[in-house]
Amino acid sequence: MRLEEICRFIEKATNQLQDLSFLVLKIELLDSFENLNKASPKGIIKSPAAYQCSEERIIVNSRIFLNLEMPIKVATIMHEVAHAYLHLINPGLKEREFKDKDIDEELIADYLVCGWGFEEQIIAERTLSYGELYSDALRLWRDREKFLEAITIAYTKILIGNN
Ligand SMILES: [Zn+2]
């Protein structure tokens, strides 16, 4: 399925969501991420997609993205949409709803994706990219306290493992 079709699918699936009703985003398909500027984070070359704050756009890495299964593609885009939402629409969300929790934006993004109805897709993606421990933690998203505790442990292990 082509990127345009994924975008149409997502628009349809999210058109009742208040959170996203004012979000307008550019999504750009690039051949690869090899020529992104040097300010980009290190591992980005291998990422299927990224949200660029300064450009207010999602960039998609054809080399990786186009080979993914449909649910994984949807999860990948929705995760970047969540970053865009946190920057453009609701920058105060972390402060308001996760105060006194030092929680990474990555985790809030996945939490939002679950709440927006893409739990199944993001769990499928995270099982591949982060493993079972993280996915099991994501499944707890309806219970915020339990979720935060489990996801923080899982994510810390991933970060340590990657170093
Ligand atoms: Zn992210």
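Residues numbered from 1 in each chain as written. Predicted model: local features only at pLDDT ≥ 70, side-chain atom pairs only at ≥ 80, totals over all residues.

## Some words on unusual backbone geometry
- Non-glycine residue Glu 56 carries a positive phi angle of around 50 degrees.
- With respect to the element layout, Glu 56 can be found in the loop between strand S2 (49-52) and strand S3 (57-61). (Helix = DSSP H or I, 4+ residues; strand = E, 2+ residues; numbered from the N terminus.)

## A look at the packing of helix H3 (residues 70-89) against helix H5 (residues 105-129)
- In the contact formed by H3 and H5, the axes pass within 8 Å of each other and the chain directions differ by 175 degrees. Relative to H5, H3 is oriented roughly antiparallel.
- Broken down by class, the residue content of the contact of H3 with H5 amounts to 17 nonpolar, four polar and four charged. (Axes fitted to C-alpha atoms, helices over the stretch in contact; angles between N-to-C directions. Parallel < 35°, antiparallel > 145°, perpendicular 65-115°, else oblique. Nonpolar A, V, L, I, M, F, W, Y, C, P; charged D, E, K, R; others polar.)

## A short note on the nonpolar core
- One finds Met 78, Val 113, Ile 122 and Leu 138 to be the most contacted residues of the largest nonpolar core, which totals 34 residues.
- Breaking this core down by element, the ones donating at least two residues are S2, S3, H3, H5, helix H6 (132-138) and helix H7 (144-162).
- Looking at which element gives the most residues to this core, the answer is H5, with ten residues.
- Not counting the four nearest positions on each side in its chain, Ile 122 is found in contact with Ala 75, Met 78, His 79, Asp 110, Val 113, Cys 114 and Leu 138. (Core = buried A, V, L, I, M, F, W, Y, C linked by C-beta atoms within 7 Å. Buried ≥ 20, exposed ≤ 12 C-beta atoms within 10 Å, placed from the backbone. Contact = placed C-beta atoms within 7 Å.)

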